[in-house]
Each structure stands twice: as C-alpha cells, then as structure tokens.
Amino acid sequence: MEEMKFPYLEEKENVVRVYSYGRTYTYDGTVLPSSVLSQGQELLAGPMTFSLKSNGEEMVFTPATVLPTTYQEDSCTLVATTESSLFYINTCITTEEDGCTFANVSLMPRGFTVRQIFGLEPKEYRERTVEHFYLDIPVRKDAVQFYHVPPDTKLTGDFPANMPRELSFCDFIPKGGFQSEFAAQVLLCGEKVGLGAFFTTNEGWNIADEKRVIEVIETENAYVIRIHFLDGTPESWGESCKDVEIADRLVPVTFKFGFMATPVRELPKRPFTERSFHVDCFKKIATNYEEFFAGPVVEGSEEIGFDRLQRLGVKTLYIHEKWNDMQNSPILTDRTAKRLRYIVSECHKRGIKVVPYFGFEVSSLSPYFAQYGRKLLAYPKPDEEVTGSWNRWPAQRALRICQNGPWGEIFREGVKKIVEEYDLDGIYIDSMLGAFPCGNLEHGCGYVHNGKIVPTFSSPGVRKTVKELYHFVKARGGVLNCHGYGSMTLPGINYCTAFWEGENFQNLLMHGTIREMPEGHLRALYTGVNLGIPVYSLCYSEPPVWTYSNAISMALLHNSMPKPVDISEPLEETSKLWDIFDAFPLEEAQWRPYFHDHDVKISDSGIKVSYYETDREVLAVCSSVSMDFAGDVTLDFTALGVGSLENKMTGETVCDNGKAELKFGGFQYYLLYGKKQ
C-alpha cells in the first residue's frame, strides 16, 4: 500500500478497510472499527462498540451494513447502520490523509414501516427511555502503558498523591484506570503505537457525573476508553420518550467525535538533523535582536553574534516573540520589517536559516484587533469574559485567540505572505497545536445550555491552520515546529515537523518541587516514536540550582536532542553534541533505551544508560536521574565487546577494559564512545 495515495479504501463482502500511513481501520459488519492496526500491531482488544440500555434492557444490535460512499483527493467517507428492537444507530465516518477519522453518530428510535403506517401490518408502541448510551473503545493492554490528556484536565484515579499538575496530563496509566471530566481528547499509547479519541463539543450529552465523562477502565486484557454520551434520556426527548403514541417519532440525537491511531509517520533513524539556536526563549536579552547579533555576545570576546552562530555550527536561528513589535501580527511595523530583513540577510550570508515565532495571541496594538476586537478572542470561561494574556513591550497586551474565529484565516494568509516576502525558512508556533476551550459565541464557539454558555474546543480551527501552513512551508523546503507545554491535539499532530517540549517539568526541578526524573512523563512524550514526530527538548537553566547540562542529561536518555536558548556555554556544549551525533552512523544503529533490557551492567540503579549500537561501535548516554545523586559508579560494557571507552565531550579515555568507573553528581551525564573489538 505504500505506493498508493492515502487514505485508500478496500471493500469486500461487507468488510471495509481504510488505509493510511502504517495504519488500517477495519469495519467488519460494525458501525465503528472492529480492528485498528498500527505498524502491524493490533490495538483493539475487540470492536469499538456502543452500549445502550433502554427500559431496563440492554439493547442487542444486529451486524452492521457498511457502505462506502464518498471519495475526495484527501479523504474517504463511509456510512454504516445497525439496529436493535427499539433503536437505530447510523454513523457517517470520514478518514482523511493523515489517518485522522471524524465520526458522526445518530441515535434514533425505530419508526414504522410503510406497510405498518397503512395498517397492513400491526404496530407495537413502546417507551424509548434511555438509561445510558456509551461508546467503548477496548485498547489492548500489551499495546499501551501511557496516557495523554490536555494539560489542566481534571483526573481522578489511583494517581500519586503529590503528582504535580504540570506532569499529570501525561504518564503511566494508573492501576485500575482513571476518570476524566469532558476533555478535548484522551490518548493511550505505548512506546511505538497509540490510539486516541478526540472531541469538539459535548452539546446534547446527558452527563450524570461531571468528573466521569470519559473513563479508562482496566480489564484483564484491555484498557477500555468509555465515553458517556448519555447517562439518561436525551434532554431534547424529555418526557416524550415515555409517550408510546409519539416516542417512535422523536428527532435523532447526534454525537460527534473522532479517533486516530499513531504514529502518523515513521521516525527517521536520524531525526535530529537540525542544528538550531533559539534566541530569547528563556534566557532573555535586553536589546533588540538585530543589535544583539551585530555585536559581541560573550564576555571577553569581540566575536559578534552572527559569526559565533556560524562558527559553532548553527544552521537555523529561531527568533522569539520580540522580533515583532506587535505580538504575532501578520502586519509588520516599518521597524519590524527592517529588523527582519537585516537578520535574514546576515544569516543567509552565513548559511543560517531563519524561523520566526508566532504565538497563540493577538496584540491589542494590532490593526486586526482594532477591526475585529473581541470577535477574535478565546473565552475559556465565557461567563466571566476572562482570557489568557500578558504584557509585552512596547506597551500592549497579548490576548489569547481562537483559531475557529476570523483570526484563523487572517493569520494563515498573513503568515504565508510574510514567509514569502522575507524569504523565511519556516514557522515556529507556540501553543497553537492544543485544542483549548472557547465559549465565544460571536465567532461560533460554545453553546447555551440552561442559560449559561458552555465552551467547545478549538480543534477544527487548529487542524485547518497547522495543515495549511505545514503544506505551505513544506513545499518551500521549510519547517513548521510546534511548542506547546505538552499540549497537542490529535487532529493536528501530523502537520508538525517537530515538537519542542520540556519547560513544564524543568520548572518543577528549578523550584525543587520534584527531585527525580519523571520517567513515565518523559517516556510517554519525549522519544517521539509513538507519535511519529521528533521531539526536541527545550533545555533551560537557573544556575546553580538547575543547569543546561542537567537538562541535557534527561533529553539524551530519551533520544531527544536539546535546543539551546543561551548563546554562551550552552551553545558551545550543544555544538559538541551536534558534531558527535553527526559523526556517528545512526542510520545503521539500533537504539537501546534504558527502559529495555540491554547488555550494559550498572552498579547503581540511580544511573540509567541508553545507547546506539552498530556491529562496529557504540555511543552511550549515561546519566544520573536524581538531583541528589552523588557517588562512584561502575559501568560495564564488556558484554558488547567494547574495550576502550572515550568520553566524547572531553576526548579523555576513561577505560581500556570495557569497565568505566565514573563519579556522578545530580543529573550529570557522560557521553561514552567505544569500538567493538
């Protein structure tokens, strides 16, 4: 199927298979998939099913009729129907190019046939009360061990009592599973694959317990994702469902959701090819960027910033929010335009690409805010009319926007013009990949229920924005990189060149909230394999409490490359790492992470080792995983056939018999290289 354009659909004897990259969704007499394969691995422990209880009776549904119906250039659609003694369920399911699947479900009472209406056959009148209507997605236990939900989602379950909020959205699945409020998505994943469901609105849902809208239920062989569409009769049916004379004519209730298997593409053997520097992200500078790079940037040296970037091997410069006088504005002031042209010119002379920052806000200075005002804004708490924002210089507020509103098209078209006019090499977007709640009725988000505005999620606009911009920059040979504090929406992940993560848990380490490496959190998100997207670690520092090298120790363990934000020592350290990894034949190597059994013996469990191995050589990351670690540790590589080991960061030979004895401090790493004998 690799040579075919995705999605591709096959139909045979009421069995329909829909193919996307590396994934197959099968409908075998079912209205939802009976099988989901990803990279050849089955994800479902049984078919996705609906559970409907009515009038005290569990409804038993017939095998479904599945009917492919519509093909477009980047999508295919099928409809399916099934029935019980009292109800029909109809589904309309569209799978798009990236394997993202959108489902519309209609639940309705059975009506009467034409012959019954004309009195040629008897009618049977019944109540149509509903006790529950659930969607169950049984995910195989042997395929998954981690979960992802959006940051700040309220969860209940057997979580550690002291788990910080900044980590709770992504970790090992707790014993017994967990319960969640209504959220934009829930994803269960393993080290290589994943399966998740996502949502835009809960309009029409009848929920008994707001803390138990989405459940993950542990069974013997599966984790069942249960979605509570109805915990009682639909509100729109009311008492009419008990009126046997009219219950069969009640208007169908509809529910919209989506699902997606991962990874969206194969992670390259050498995913971290970008030698990049990210100015002013965490390490703030006092001057304008053009002034900063045109002058000396390191104390005691006359070397200007542009030349230092070139000498240390930087190939891409990311310029943070201060490049633009008006935060994120697609309209540039004259001095912003001059600044941007100068930076691009100086960098391109030196073979350095330039990628600017665009965030998830509109500036109160922007002409677009003057024109559209509040219609652009995201209202996570619409009844309070509060939106996230912060101050910027020159004096302005950066106000959170919603991609579902008019800003989506304004932003997309404006950014494309800027990229073309200033010959930029891609786009860096901050926190726009997440689907956030919005109740701004003025641009179509939210709905009114019992007199209150209920937010919906921004995922349709997010998908449209990242998809359009990704295809645009990719056609130009550029990148679209996303930074999101762990926040991403499944409908958008395919349209990212890479993720940038790390600030959430590093902040905890800087303040002493945690002192150990958050293993589950990092394994779920940072290797990139299970999503199919490379993950670069944003490595921050707050010496002496937390250093750049401390952050690197965790990044490298998880096959994640650090992205420096400080042009002094951190850039020098990263430059060495680039050279080391570029010189090693990663395309030929197998990655042996610390969480798999491998052949390196370690004398202390406080040290973890991940390594890359070919039939000739080994490159190993050896790190302590605690702030408080201190001691001498023996690392034994003899089972790999390695004798001499070199500390690649210093050039020092640390042993000649395959056994290195090294002194470790808190979150310290060594990068060791050895040839096999």
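Being a predicted model, the structure only gives us computed values, none of them experimental.

J.: Quick one: what's the story with the overall build of the protein chain, residue by residue and with numbers?
T.: Helix and strand content of the protein chain: 11 helices and 45 strands. Relative to a compact globule of 677 residues, whose C-alpha radius of gyration would be 26 Å, the protein chain shows 27 Å and is just as compact. Across its three principal axes, the protein chain shows a C-alpha extent of roughly 95 × 65 × 50 Å. Burial status across the protein chain gives 60% buried among its 677 residues. Long-range pairs, those at least 24 residues apart, make up 69% of the contacts in the protein chain between residues at least 6 apart in sequence. By element, 48% of the accessible surface of the protein chain is carried by carbon and sulfur atoms, the whole surface being about 27,300 Å². Mean positive and mean negative side-chain charge positions of the protein chain (67 and 91 charges, respectively) differ by 2 Å.

J.: An account of a nonpolar patch on the surface is requested, with residue identities and associated values reported.
T.: Residues Val114, Ile117, Phe118 and Leu120 make up a contiguous nonpolar surface patch of roughly 480 Å² in combined accessible area. Tracing the chain through its elements places isoleucine 117 in helix H1 (residues 114-117). According to the relative accessible area criterion, isoleucine 117 is exposed, its value standing at 54%.

J.: Any chance you could break down the packing of helix H10 (residues 548-557) against helix H11 (residues 569-583) for me, citing the residues and the numbers?
T.: Across the interface, H10 lies against H11 with an axial gap of 10 Å and an inter-helix angle of 25°. With respect to H11, the axis of H10 lies roughly parallel. Where H10 crosses over H11, the handedness of that crossing is right-handed. Every residue of H11 that contacts H10 at Tyr548, Ser549, Ile552 and Leu556 is listed here: Pro570, Glu573, Thr574, Leu577 and Phe581.

J.: A description of H10 should follow, citing residues and the corresponding values.
T.: In terms of burial, H10 is largely enclosed, as nine of its 10 residues are buried. When we look at burial in H10, the residues that qualify are Tyr548, Asn550, Ala551, Ile552, Ser553, Met554, Ala555, Leu556 and Leu557. Asparagine 559 sits one or two positions beyond H10 and adopts a positive phi of about 60°.

J.: Would you mind going over the sheet that holds strand S17 (residues 185-189) in detail, with residue names and values included?
T.: Within the open sheet, the nine strands sit side by side as S8-S9-S10-S11-S21-S18-S17-S13-S15. Their pairing is antiparallel. Of all the strands in the sheet, the pair left with one neighbour each is strand S8 (65-72) and strand S15 (170-172). Within this sheet the neighbouring strands show an average axis-to-axis angle of 20°, counted without direction. Judged from the seven bridges that link them, strand S11 (residues 101-109) and strand S21 (residues 253-262) form a sheet pairing that is antiparallel. For leucine 107, the partnering residue across the bridge sits in S21 and is valine 253.

J.: How would you summarise the pattern of salt bridges if you had to cite specific residues and measurements?
T.: For side chains bearing opposite charge, pairing can occur when the charged atoms are close. For the coordinates displayed, the defined rule picks out 44 salt bridges. Put simply, lysine 467 and glutamate 96 hold a salt bridge, and the shortest N to O gap is 3.6 Å. In this pair, lysine 467 sits in helix H7 (residues 459-475) while glutamate 96 sits in strand S10 (residues 87-96), placing the two residues 371 residues apart along the sequence. Comparing lysine 467 with glutamate 96 shows no difference in burial state: the two are buried. Between arginine 341 and glutamate 421 there is a salt bridge; the shortest N-O distance is 3.1 Å. Placement of arginine 341 in helix H4 (residues 334-349) and of glutamate 421 in helix H6 (residues 407-421) is noted, with a sequence separation of 80 residues between them. One continuous salt-bridge network, built from bridges that share partners, spans Asp74, Glu96, Glu97, Asp98, Arg463 and Lys467.

What counts, and where the lines are drawn
- Residues numbered from 1 in each chain as written.
- Predicted model: local features only at pLDDT ≥ 70, side-chain atom pairs only at ≥ 80, totals over all residues.
- Heavy atoms only, no water.
- Helix = DSSP H or I, 4+ residues; strand = E, 2+ residues; numbered from the N terminus.
- Rg over C-alpha atoms; globule rule 2.2 N^0.38 Å.
- Buried < 20%, exposed > 50% of the residue type's maximum accessible area, 1.4 Å probe, protein only.
- Contact = heavy atoms within 4.5 Å.
- Areas by Shrake-Rupley, 256 points an atom, 1.4 Å probe, with all protein chains shown as cover.
- Lys, Arg positive; Asp, Glu negative; His and termini not counted.
- Charge placed at Lys NZ, Arg CZ, Asp CG, Glu CD.
- Patch = residues over 30% accessible without salt bridge, like charges linked within 9 Å, V, L, I, M, F, W, Y side chains within 5 Å.
- Salt bridge = Lys/Arg side-chain N within 4 Å of Asp/Glu carboxyl O.
- Axes fitted to C-alpha atoms, helices over the stretch in contact; angles between N-to-C directions.
- Parallel < 35°, antiparallel > 145°, perpendicular 65-115°, else oblique.
- Left-handed = near helix turned anticlockwise from the far one by under 90°.
- Pairing = 2+ DSSP bridges.

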